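Descriptive analysis of the structure
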Amino acid sequence: MDYNKTSKEILELVGGEKNIQHVIHCMTRLRFNLYDNSKVDRDKLEKVPGVLGANVSGDQFQVIIGNDVSKVYNVILEISGIDGRSKAQQTSGKKKNVLNSIFDVISGVFTPILPAIAGAGMIKGLLAVALTFGWISSNSQTYIILNAIGDGAYYFIPILLAVSAARKFGSNPYVAAAIGAAILHPTLTQLLGSGKEISLIGLPVTAVTYASSVIPILLAIWISSYVEKWIDRIIPPALKLILVPTFTLLIVVPVTLIMVGPLGAIIGNWLSMGVGTFFEHGGIFAGLLLGGTWSLIIMTGMHYAFNPIMMNNITQNGYDHLFPSMFMANMGQAGGAFAVFLKSKNKSFKSLALSTSVSALMGITEPAMYGVNMRLKKPFIGALIGGAIGGAYYSAVGVKYFIVGGNFGLPGIASFIGPKFLYAIIGFPLAFIAGTIAAFIFGFEDVEGEKELNTSSNKENEDRDVKSEGIVAVEELYSPLKGEVKALNEVNDAVFSTGLMGKGAAIYPEEGKVVSPVSGVITTIFKTKHAIGITSDNGAEILIHVGLDTVQLEGKYFTAHVKDGDVVNAGDTLVTFDMEAIREEGYDLITPVIITNQDRYLSISPAKEGKIDIKEKFLVLHISEG
């Protein structure tokens, strides 16, 4: 690669130096914050030699380079006057964008509690099936106990949100939990539901039901974070342990009961009524609009703003109208990618389109959306049409979403169990087929043959070169983490899931330690310590990328135990990290392990599925079939 030429072309095609606020890089890509994303010539940019692709994530435009990203980044800084500091460094002391801050808070608060909600929701779904088919009686003790297990997370969701919000706002999560517990106390709940006039030190208390509510506790903990910090500043150190939580509870709980709770309840009711009114009077148009634009909403990052509305709808009304549109949008994206599979003449891209279509059906749409449909443009329009048709159908027949299942693909279909369950099932193939047909009719400019990831002629040449060098026929890699093996197409990042960076597999870690999977040399350990590059003694170039978008943490919660150039043996500790803290920040910990010089090998295959330990074989690399 000619780094100077590539860097100049990238600068020009992202809108020029004046369009760049700043740029940083991670292990695989340049991350631009631009003043105007519309000035980017994405078509030409993706054809620049050395550029593997492009992606938009939130307010960030990403150019995927691969292993040479640091060299391109350094040249860009050399030939321009761009600020190379991180976003955090640049924005220190500056006012943040309010809208982005709100989305960040909502995402950071709701993401950590989703596993609990999804698990409880699945139990509720299975119970609903059992009840429908008469396998269990609603009066049986077994049903009552199982229902409590499934319903507990929803009833006490204010406590779950209190802990999560406190961690996001930087206050004590256990004091926050105590606030949530206080407003849910059975005696207080009974008093608020008695119908009598209630007062606290002479001030009126509005009767509000806090069980299963969302908005009131979020407002309460936001206020609590300021109250707690203010009290902490004025209390002597020797008395902080007792007096800070005491005064925080004595101030925040009454304020919540008198002011914040009623306000939050009103906001929540307005939001629920607004959504209900929109679907009641908007009819087919409401579903068509939301189903057709949901993928665009996800691209802007605004979908996070819908989380409290949807959660509030389910906890207050027992159902939601918004979530179904997300399912239909995902089926549309799967259909768009499937049309590319049917029509593309490029064997490599055809295979990519099929795999991303399947992953979209399973609820993981980013690979299909960014790696295939948006790349070819017209299939993306077809996918939006598929989502719109599915959304319109759901509105027409009155499909509702009853359980937060944590998946918005085929595995999440149990979330629709209810009176219109059969209609809900029909919606899935309808949106998929509509997206497929629309994308097929629109057509697209196929990916050129020379742009394939691995042409057969190149592969044969590489194989001959490898064999002539007398390199071993098979190399085995041990697992760098303890956890569960996942296919790359399950990684919610198109750069990895589409194979742009290379083949391999991913691991969802169970402990915060990364060890070397081979004996070799540390070629790169990124300054934020979230990604490590290793070259094995046999020549395999390995990238271990801990989590998705964890570069944004700038090294926080990571500790490196090696440096560039260190010689390591298989099993040596490379990096340790605080799993819980990273999760609480809202980051996905799934860790792709990629062979970046994949063209060197005839095949790269996992050695094991399911649970894996650091001492077990993980990947097998074949150079010759003999």
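In this report, the structure presented in the accompanying data block is examined. As the structure is a prediction and not an experimental result, all values here were calculated from the model.

Here we take up the overall build of the chain. Of regular secondary structure, the chain possesses 22 helices and 20 strands. Within the span of the chain, comprising 626 residues, buried residues form 50% of the whole. The contacts of the chain with a sequence gap of at least 6 include a subset with a gap of at least 24, amounting to 73%. Here the chain displays about 28,000 Å² of accessible surface, and carbon together with sulfur accounts for 59% of that area.

Before going further, it helps to examine the sheet that holds strand β20 (residues 617-622). With antiparallel pairing, three strands are arranged side by side in an open sheet as β7-β20-β18. Each edge of the open sheet carries a strand with a single partner, namely β7 (474-478) and β18 (603-606). Strand after strand, the sheet turns through a mean of 20 degrees between neighbouring axes, direction not considered. Strand direction decides the pairing type here: β7 and β20, joined by five bridges, are antiparallel.

Contact pair helix α18 (residues 378-397) / helix α19 (residues 421-442): the axes reach a minimum separation of 7 Å and the direction vectors enclose 150 degrees. The pairing of α18 with α19 is recorded here as roughly antiparallel in orientation. Between α18 and α19 lies a crossing whose hand is right-handed. Contacts from K378, P379, I381, G382, I385, G386, I389, G390, Y393, Y394 and V397 in α18 reach Y423, A424, I426, G427, F428, L430, A431, A434, G435, A438, A439 and F442 in α19. Grouping the amino acids of the contact of α18 with α19 by side-chain chemistry returns 17 nonpolar, five polar and one charged.

Moving on to a nonpolar patch on the surface. On the surface, W230, I234, F247, L250 and I251 cluster together to form a nonpolar patch covering roughly 500 Å² of accessible area. When residues of the nonpolar patch are assigned to their parent elements, the largest contribution, three residues, is made by helix α12 (residues 240-282). With respect to the secondary-structure elements, F247 resides in helix α12. Judged by relative accessible area, F247 falls into the partly exposed class, the value being 37%.

Our focus in this paragraph is the nonpolar core. Ranked by size, the top nonpolar core spans 78 residues in total, and within it F110, L161, I221, W294, Y394 and F416 carry the most contacts. Looking at this core element by element, the count peaks at nine residues for helix α15 (residues 323-343). Apart from the residues lying within four places of it in its own chain, the contact partners of I221 are A162, A165, A166, F169, S171, A176 and I179. Listed in part, the 34 residues of the second largest apolar core include L481, A505, I544 and L619.

Before going further, it helps to spend a moment on the packing of aromatic side chains. Evaluated as defined, the whole model comprises 13 aromatic pairs. Ring geometry for Y155 against F156: centres 4.8 Å apart, planes inclined by 70 degrees, an arrangement best described as edge-to-face. On the basis of an interplanar angle of 35 degrees and a centroid distance of 5.9 Å, the ring pair of F558 and F577 is categorised as tilted. Of the two residues, F558 sits in strand β14 (residues 558-560) while F577 sits in strand β16 (residues 573-577), which places them 19 residues apart along the sequence. Neither residue differs from the other here; F558 and F577 are each classed as buried. One aromatic cluster in this structure is built from F323, F327, Y393, Y394, Y401, F416 and F428. Across the ring face of F440, the terminal group of K343 is positioned such that the distance to the ring centre comes to 4.7 Å. In this structure, K400 packs its charged tip against the face of Y319, placed 4.1 Å from the ring centre.

Here we come to unusual backbone geometry. Unusually for a residue other than glycine, K377 sits at a positive phi of about 70 degrees. Along the chain, K377 turns up in the loop between α17 (366-376) and α18. Backbone geometry at E554 places phi at a positive 55 degrees, although glycine is not the residue there. Examined against the element boundaries, E554 turns out to sit in the loop between β13 (541-545) and β14. Residue classification places E554 among the partly exposed residues on the basis of a relative accessible area of 37%.

Before going further, it helps to examine the sheet that holds β16. Pairing within the open sheet is antiparallel, and its three strands lie in the order β10-β16-β14. Strands with a single pairing partner mark the edges of an open sheet, and in this sheet they are β10 (513-515) and β14. Between one strand axis and the next, the sheet turns by 15 degrees as a mean value, whatever way the strands run. Taken together, the three bridges between β14 and β16 define a ladder with antiparallel strand orientation. Residue pairing across strands places T559 opposite T576, the latter belonging to β16.

Direction vectors running N to C along helix α8 (residues 157-169) and helix α9 (residues 173-183) enclose 150 degrees, while the axes themselves pass 8 Å from each other. Between α8 and α9, the angle is such that the two are roughly antiparallel. The crossing of α8 and α9 is right-handed. Contact with α8, carried on its side by I159, A162, V163, A166 and R167, involves P173, Y174, A176, A177, G180 and A181 of α9 and no other residues of that element. The class makeup of the residues in the contact of α8 with α9 is nine nonpolar, one polar and one charged.

Turning our attention to the pattern of salt bridges. Evaluated as defined, the whole model comprises 12 salt bridges. Across the salt bridge formed by K608 and E616, the nearest N and O atoms sit 2.5 Å from each other. K608 sits in the partly exposed class, given a relative accessible area of 28%. Note on E616: relative accessible area 28%, which makes it partly exposed.

Further remarks concern α19. Compared with an ideal rise of 1.5 Å per residue, which puts 22 residues at 32 Å, α19 spans 32 Å between its outermost C-alpha atoms and is within 8% of the ideal. Taken together, the buried residues of α19 touch α15, α16 (347-361) and α18. Directly after α19, the chain includes G443, whose backbone phi takes a positive value near 70 degrees.

Here we take up the side chain of N19. Within the secondary structure layout, N19 lies in the loop between α1 (3-13) and β1 (20-25). When near neighbours in sequence (up to four residues on either side) are disregarded, N19 contacts V14, N33, L34, Y35, D36 and K39.

The subject of this paragraph is helix α7 (residues 141-155). The largest bend along α7 measures about 35 degrees and falls at I149. Those residues of α7 not exposed but buried are Y143, G150, A153 and Y154.

Along the chain, L11 falls in helix α1. Those residues within four positions of L11 in sequence are excluded, and the remaining contacts are G16, E17, I20, I76, I79, S80 and I82.

What counts and what doesn't
Residues numbered from 1 in each chain as written. Predicted model: local features only at pLDDT ≥ 70, side-chain atom pairs only at ≥ 80, totals over all residues. Heavy atoms only, no water. Helix = DSSP H or I, 4+ residues; strand = E, 2+ residues; numbered from the N terminus. Buried < 20%, exposed > 50% of the residue type's maximum accessible area, 1.4 Å probe, protein only. Contact = heavy atoms within 4.5 Å. Areas by Shrake-Rupley, 256 points an atom, 1.4 Å probe, with all protein chains shown as cover. Pairing = 2+ DSSP bridges. Axes fitted to C-alpha atoms, helices over the stretch in contact; angles between N-to-C directions. Parallel < 35°, antiparallel > 145°, perpendicular 65-115°, else oblique. Left-handed = near helix turned anticlockwise from the far one by under 90°. Nonpolar A, V, L, I, M, F, W, Y, C, P; charged D, E, K, R; others polar. Patch = residues over 30% accessible without salt bridge, like charges linked within 9 Å, V, L, I, M, F, W, Y side chains within 5 Å. Salt bridge = Lys/Arg side-chain N within 4 Å of Asp/Glu carboxyl O. Core = buried A, V, L, I, M, F, W, Y, C linked by side-chain atoms within 4.5 Å. Phe/Tyr/Trp six-rings, centres within 6.5 Å; stacked < 30°, edge-to-face > 60°. Lys NZ or Arg CZ within 6 Å of the ring centre and 35° of its normal. Expected span 1.5 Å × (residues − 1). Bend = angle between axes of the 7 residues up to and from the residue.

Nothing here speaks to function; it is geometry throughout.
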